[in-house]
Amino acid sequence: MKMAEKIHILICGERGVGKSTLIERLLRACSRPRYGFVTKMRPAGPDGFHPIYIHPAGQPTAERVYTEENCIGVCDSRTHRPNLEVFDGLGVRYVRAARPGGVLVMDELGFFEARAEAFTAAVLEALSGDVPVIAAVKSRRDVSFLNAVRSQPRAEVFYITPENRDALYEKLLPRMERL
């Protein structure tokens, strides 16, 4: 039996190590249309909670809006309150919008969405598909959804650290240029 070709790139690492920055750098070398999503945490409000928003991956930063409709949840250092309806609505739509000839960006996959059934199913379906995926994935091993993401046969997992992030860019750049 032939092994599945590994066409998807999963960048794993701790918070703040540079997963999203590496993905942005690599995407600059790729001329394919971008599909999927990016997430953005905003400064904490008066209640101490940081809102987190989801945006289409191909949308310029200056055009992003921050409304209740695209807020995937709020968190502080101890409490996380995901908005599963946004994951299962907008999130699914962004993932399923990917078309042949493009690249599917998922920045980022974490524990927040682990109970969003339609969203997690769409992510796993995309990782078994033919549209190349580049994704930032939290390193948590206690989240079955993230373990399922990392174990997809068509995905190759790369661990990023402050020490290896430039070397990882150099290693992955030729792969992105071939897309």
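Residues numbered from 1 in each chain as written. Predicted model: local features only at pLDDT ≥ 70, side-chain atom pairs only at ≥ 80, totals over all residues. Heavy atoms only, no water.

Trainee: What am I meant to see in the overall build of the protein chain here?
Mentor: A count of helices and strands for the protein chain gives 5 helices and 8 strands. Listing the helices and strands of the protein chain from first to last along the sequence gives β-α-β-β-β-β-α-β-α-β-α-β-α. On C-alpha atoms alone, the protein chain measures out to a radius of gyration of 16 Å, which is about the 16 Å that the 2.2 N^0.38 rule sets for 179 residues. Taking the principal axes of the C-alpha coordinates as reference, the protein chain spans close to 50 × 35 × 35 Å. For the protein chain, with 179 residues in total, the buried portion stands at 47%. When contacts within the protein chain are restricted to residue pairs at least 6 apart in sequence, those whose partners lie at least 24 apart make up 67%. In the form shown here, the protein chain has an accessible surface area of approximately 9600 Å², with 51% of it arising from carbon and sulfur atoms. In the protein chain, the 26 positive side-chain charges and the 22 negative ones have mean positions that sit 3 Å from each other. (Helix = DSSP H or I, 4+ residues; strand = E, 2+ residues; numbered from the N terminus. Rg over C-alpha atoms; globule rule 2.2 N^0.38 Å. Buried < 20%, exposed > 50% of the residue type's maximum accessible area, 1.4 Å probe, protein only. Contact = heavy atoms within 4.5 Å. Areas by Shrake-Rupley, 256 points an atom, 1.4 Å probe, with all protein chains shown as cover. Lys, Arg positive; Asp, Glu negative; His and termini not counted. Charge placed at Lys NZ, Arg CZ, Asp CG, Glu CD.)

Trainee: Would you mind going over the nonpolar core with me for this structure?
Mentor: In terms of nonpolar packing, the biggest core is built from 33 residues, with Val 95, Met 106, Leu 109, Phe 119 and Val 123 touching the most fellow members. For this core, the secondary-structure elements that each account for two or more residues are strand 1 (8–13), strand 3 (50–56), strand 4 (71–75), helix 2 (84–96), strand 6 (103–109), helix 3 (117–127), strand 7 (133–138) and helix 4 (144–150). At 6 residues, the largest contribution of residues to this core is made by helix 2. Of all hydrophobic cores here, the second largest spans 21 residues; its members include Ala 57, Val 105, Ala 136 and Ile 160. (Core = buried A, V, L, I, M, F, W, Y, C linked by side-chain atoms within 4.5 Å.)

Trainee: Looking at this model, I keep getting lost on unusual backbone geometry. Mind explaining?
Mentor: Most peptide bonds adopt trans geometry, and most residues besides glycine take a negative phi value. A cis amide bond links Asp 107 to the next residue, Glu 108, at an omega of 25 degrees. With respect to the helices and strands, Glu 108 occurs in strand 6.

Trainee: Got a minute to help me understand the packing of aromatic side chains in this structure?
Mentor: A full pass over the atoms with the stated rule returns 4 aromatic pairs. Look at Tyr 53 and Tyr 66: their rings are 5.0 Å apart centre to centre, the planes differ by 85 degrees, and that puts the pair in the edge-to-face class. Here Tyr 66 lies in the loop between strand 3 and strand 4 and Tyr 53 lies in strand 3, a separation of 13 residues in the sequence. We classify Tyr 53 as buried; its relative accessible area is 11%. When the centroid spacing of 6.2 Å and the interplanar angle of 80 degrees are considered together, the rings of Phe 111 and Phe 112 count as edge-to-face. Here Phe 112 falls in the buried class, since its relative accessible area comes to 10%. Grouping aromatic residues by their ring pairs yields a cluster made of Phe 37, Phe 87 and Phe 119. (Phe/Tyr/Trp six-rings, centres within 6.5 Å; stacked < 30°, edge-to-face > 60°.)

Trainee: What should I look at first to understand the packing of helix 2 against helix 3 in this one?
Mentor: Relative placement of two packed helices is described by the angle separating their axes and the distance separating the axes. Interhelical geometry of helix 2 versus helix 3 gives an angle of 15 degrees and a closest axis separation of 8 Å. Our classification of the angle between helix 2 and helix 3 gives roughly parallel. The handedness of the crossing between helix 2 and helix 3 comes out as left-handed. Residues Phe 87, Asp 88, Gly 91, Val 92, Val 95 and Arg 96 of helix 2 touch helix 3, and the partners they reach there are Glu 117, Ala 118, Phe 119, Ala 122, Val 123, Glu 125 and Ala 126. (Axes fitted to C-alpha atoms, helices over the stretch in contact; angles between N-to-C directions. Parallel < 35°, antiparallel > 145°, perpendicular 65-115°, else oblique. Left-handed = near helix turned anticlockwise from the far one by under 90°.)

Trainee: Hey, could you run me through the pairing of strand 4 in this one?
Mentor: In regular strands, side chains alternate between the two faces of the sheet. When you tally the buried positions in strand 4, you get 4 out of 5 residues, the bulk of the element. Both strand 3 and strand 4 contribute to a ladder of 4 bridges, which runs antiparallel. Paired with Pro 51 across the bridge in strand 4 is Val 74. Here strand 4 runs beside strand 5 (residues 80–82); their pairing, made up of 3 bridges, is antiparallel. From the neighbouring strand, Gly 73 faces strand 5, where its bridge partner is Pro 82. (Pairing = 2+ DSSP bridges.)

Trainee: Sorry if this is basic, but what is going on with helix 2 here?
Mentor: Each full turn of the α-helix corresponds to 3.6 residues, which orients residues three or four apart in the same direction. Look at helix 2: 17 Å from first C-alpha to last across 13 residues, which is about the 18 Å you get at 1.5 Å a residue. The sharpest bend along helix 2 measures roughly 25 degrees and falls at Leu 90. Three or more residues of helix 2 are buried, namely Val 86, Phe 87, Leu 90, Gly 91, Val 92, Tyr 94 and Val 95. (Expected span 1.5 Å × (residues − 1). Bend = angle between axes of the 7 residues up to and from the residue.)

Trainee: Could you clarify how one ought to interpret the environment of Ala 97 in this entry?
Mentor: With respect to the secondary-structure elements, Ala 97 resides in the loop between helix 2 and strand 6. Accessibility expressed as a relative area gives 32% for Ala 97, which makes it partly exposed. It is 9.8 Å that separates the C-alpha atoms of Ala 97 and Arg 34, two residues lying 63 residues apart in sequence.

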